[in-house]
Amino acid sequence: MPDTKTEGDRNPRLAEEGRDTRPSCECSPECCGWTSDKGRAESYINESEHWIERRAETSAGAIPVVRIKLSRQDILGKVKARFGFGRMRYRVKPGLYAVGDPGAGSPVLVSANYKLSFDSLRRELGGLDAWILVLDTKGINVWCAAGKGTFGTEELVRRVDETSLARIVSHRTLILPQLGAPGVAAHEVTRRTHFKVIYGPVRAADIKVFLAAGMKATPEMRRVKFGLRERFVLTAIELTNPFKYLVIVTAVLWILSLLGLRLLSWGTLYPYLGAILIGGFFVPALLPWIPGRAFAWKGWLLGMIWAAFVNFHQGLLPPTPISWQPATVHFLLLPAISAFLAMGFTGSSTYTSLSGVLKEMRYAVPVILASASIGVVFLAFVLIGAL
Amino acid sequence: MREHRHLKNVTTLAYDPDKCTGCGMCAEVCPHAIFFIEGKKARISDRDLCMECGACSKNCPFAAISVRPGVGCAWGILLSEIKGREAPSCG
């Protein structure tokens, strides 16, 4: 088993193989394996099984036939999962499912057991007769699970065997989402199950066309995208955390102002609010148009422009013996914040490599830390002077 | 849409044409379409587009491709540094 040694612990991107494919690392603990999955591994959501239409008898037992239309319950579940409620329990029981009225010649599509992945696949299968083989990916989407190896050779081989797939279908072809490829060695699966692995399109929305074309994917279907819309959606996640900190800082300043320390004002806060918006929103949105390649650089550049604007706007520039200190604070802190947040967006992007981000961080992290530290020292002087 | 590009000359992707039989598996799985088949051999069009997902090396039946797979995620790397783990990789 040559693949087991490479299927180690790593932090894969969070992706969905559905229409809204967003291969990304939202760095949620469950995706990146920072929290243990123990104790809840066996809780599936299909107690109600409202998405199962009926059961079909086959030579290998009764197979659930699933609906191809998402119900209100499915959509509600999707929204909840997107906001993180019960995300890790939002799972489908692994095994074989049917869509339409499949027979021995119908195609077998392999999916993950994260309910959103499963849903985004089944809703694209209207009018088709097909089998869906759901792997136990511990409630994680295909790309993420492929990185971990749970959407992998071992699990696929085990599931093919356990469902007696070879007795249900007469052909020997499995169709996998292309984004599952980092976890599955196709030749290894063939050697062990005699099933041939064909990688289908990246997006579930292309499956019908892919099947109609005789299981041929166009180059377009094979490529991961990272358009404006995808980037917009991901900025929401990027902004949540920094805004939390900003709220805490504001609350602390407000309490201090009640105690007579008048530090809280729009003028002191909006430069930082802007720096967060630049790093977490504007850099991701304008990503391909900002000059340079490193994300931190792009953030630093826009942050510097913002700091200059703030300083002129607040009359701190041109500098006077009094104003040069707060102006320096802005020049040191604002670009550092923007650069740091922009750097974090590497995980959401679909085109950065581990080597690339490591190289970027080797330069960016020391510069950001130095700039922020000196900035904080200056800020302390300014605050002491203001009291 | 403008094409996204990160840093140049960083990928750990290595390819040995002598082992390649031109089966085309790498071209099929690469999410950035950097492989193409020409004259019964795989060719790399643009190494700098590689994101080190590892799909090509995993699916090459002839072990002609190697890459250190991992995720290009700064938060993930920072957190694993803090926790004293190796950078997220599956090497």
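Given the structure is predicted, the values throughout are model-derived calculations rather than measurements.

## Let's talk about helix H12 (residues 295–313) of chain A
All names here are of chain A.
Inference 1: A rise of 1.5 Å per residue sets the reference length of H12, with its 19 residues, at 27 Å; its end C-alpha atoms lie 27 Å apart and thus fit the reference within 8%.
Inference 2: Those residues of H12 that fall on the buried side of the exposure criterion are Phe295, Ala296, Trp297, Lys298, Gly299, Trp300, Leu302, Gly303, Trp306, Ala307, Val310 and Asn311.
Inference 3: Looking at the buried residues of H12, the elements they touch are helix H11 (266–286), helix H13 (324–344) and helix H14 (354–386).
Inference 4: Positive phi shows up at Gly315, right after H12, with a value of about 70°.

## Here we look at the nonpolar core
Inference 1: In terms of nonpolar packing, the biggest core is built from 74 residues, with Val110(A), Trp131(A), Ile132(A), Val184(A), Cys26(B) and Cys56(B) touching the most fellow members.
Inference 2: The contact partners of Val184(A), leaving out residues within four places of it in the chain, are Ala146(A), Gly152(A), Thr153(A), Leu156(A), Leu176(A), Val189(A) and Val197(A).
Inference 3: Among the nonpolar cores identified, the runner-up in size contains 40 residues, and Leu302(A), Val310(A), Ala336(A) and Ala339(A) belong to it.

## Looking at the domain arrangement of chain A
Inference 1: According to the domain assignment, chain A contains domain 1 (29–222) and domain 2 (228–386).
Inference 2: Once you take the C-alpha centre of each, domain 1 of chain A and domain 2 of chain A turn out to be 42 Å apart.

## Examining the interface of chain B and chain A
Inference 1: Counting residues at the interface gives 39 residues for chain B and 47 residues for chain A.
Inference 2: Contributions of two or more residues to the side of chain B that touches chain A are made by helix H1 (25–29), helix H2 (55–59) and helix H3 (74–82) of chain B.
Inference 3: Sort the elements by how many residues they give to the side of chain B that touches chain A and H3(B) lands first, with five residues.
Inference 4: Of the residues contributing to the side of chain B that touches chain A, the split by class is 22 nonpolar, 11 polar and six charged.

## Observations concerning the pairing of strand S5 (residues 130–134) of chain A
Consecutive residues of a regular strand have side chains that alternate between opposite faces of the sheet.
Residues and elements named next belong to chain A.
Inference 1: Counting buried residues along S5, five of its five residues qualify, which places the element largely inside the surrounding structure.
Inference 2: Side chains Ala130, Ile132 and Val134 of S5 all project onto a buried face; the interleaved residues Trp131 and Leu133 project onto the opposite face, where all are buried too.
Inference 3: By the bridge criterion, five bridges tie strand S3 (residues 95–99) to S5 in an arrangement that is antiparallel. Of the residues in S5, the one forming a bridge with Leu96 is Leu133.
Inference 4: Bridge analysis of strand S4 (residues 108–111) against S5 gives four bridges, and the strand direction is parallel. From the neighbouring strand, Val110 faces S5, where its bridge partner is Leu133.
Inference 5: The parallel pair S4 and S5 is bridged by helix H3 (residues 115–122), and the resulting crossover is right-handed.

## Considering the environment of Cys56(B)
Residue and element names in this part refer to chain B.
Inference 1: Positionally, Cys56 belongs in helix H2.
Inference 2: A tally of 29 C-beta atoms within 10 Å means that Cys56 is categorised as buried.
Inference 3: Cys56 sits 36 residues away from Cys20 along the chain, and the two C-alpha atoms are 12 Å apart.
Inference 4: The residues touching Cys56, leaving out its near neighbours within four places in the chain, are Cys26, Val29, Cys30, Phe35, Ile65 and Val67.

## What to know about the pairing of strand S7 (residues 196–199) of chain A
All names here are of chain A.
Inference 1: Here S7 shows one buried face, formed by Val197 and Tyr199, and one open face, formed by Lys196 and Ile198.
Inference 2: The pairing of strand S6 (residues 173–176) with S7 spans four bridges and is parallel. Counterpart to Leu176 in the pairing with S7 is Tyr199.
Inference 3: Assessed by its sense of winding, the connection that carries the chain from S6 through helix H7 (residues 186–193) to S7 is right-handed.

Cut-offs used in this document
Residues numbered from 1 in each chain as written. Chains lettered and ligands numbered in written order. Predicted model: local features only at pLDDT ≥ 70, side-chain atom pairs only at ≥ 80, totals over all residues. Helix = DSSP H or I, 4+ residues; strand = E, 2+ residues; numbered from the N terminus. Expected span 1.5 Å × (residues − 1). Buried ≥ 20, exposed ≤ 12 C-beta atoms within 10 Å, placed from the backbone. Contact = placed C-beta atoms within 7 Å. Core = buried A, V, L, I, M, F, W, Y, C linked by C-beta atoms within 7 Å. Domains from an automatic or database assignment. Nonpolar A, V, L, I, M, F, W, Y, C, P; charged D, E, K, R; others polar. Pairing = 2+ DSSP bridges. Right-handed = clockwise from strand over helix to strand, strands pointing away.

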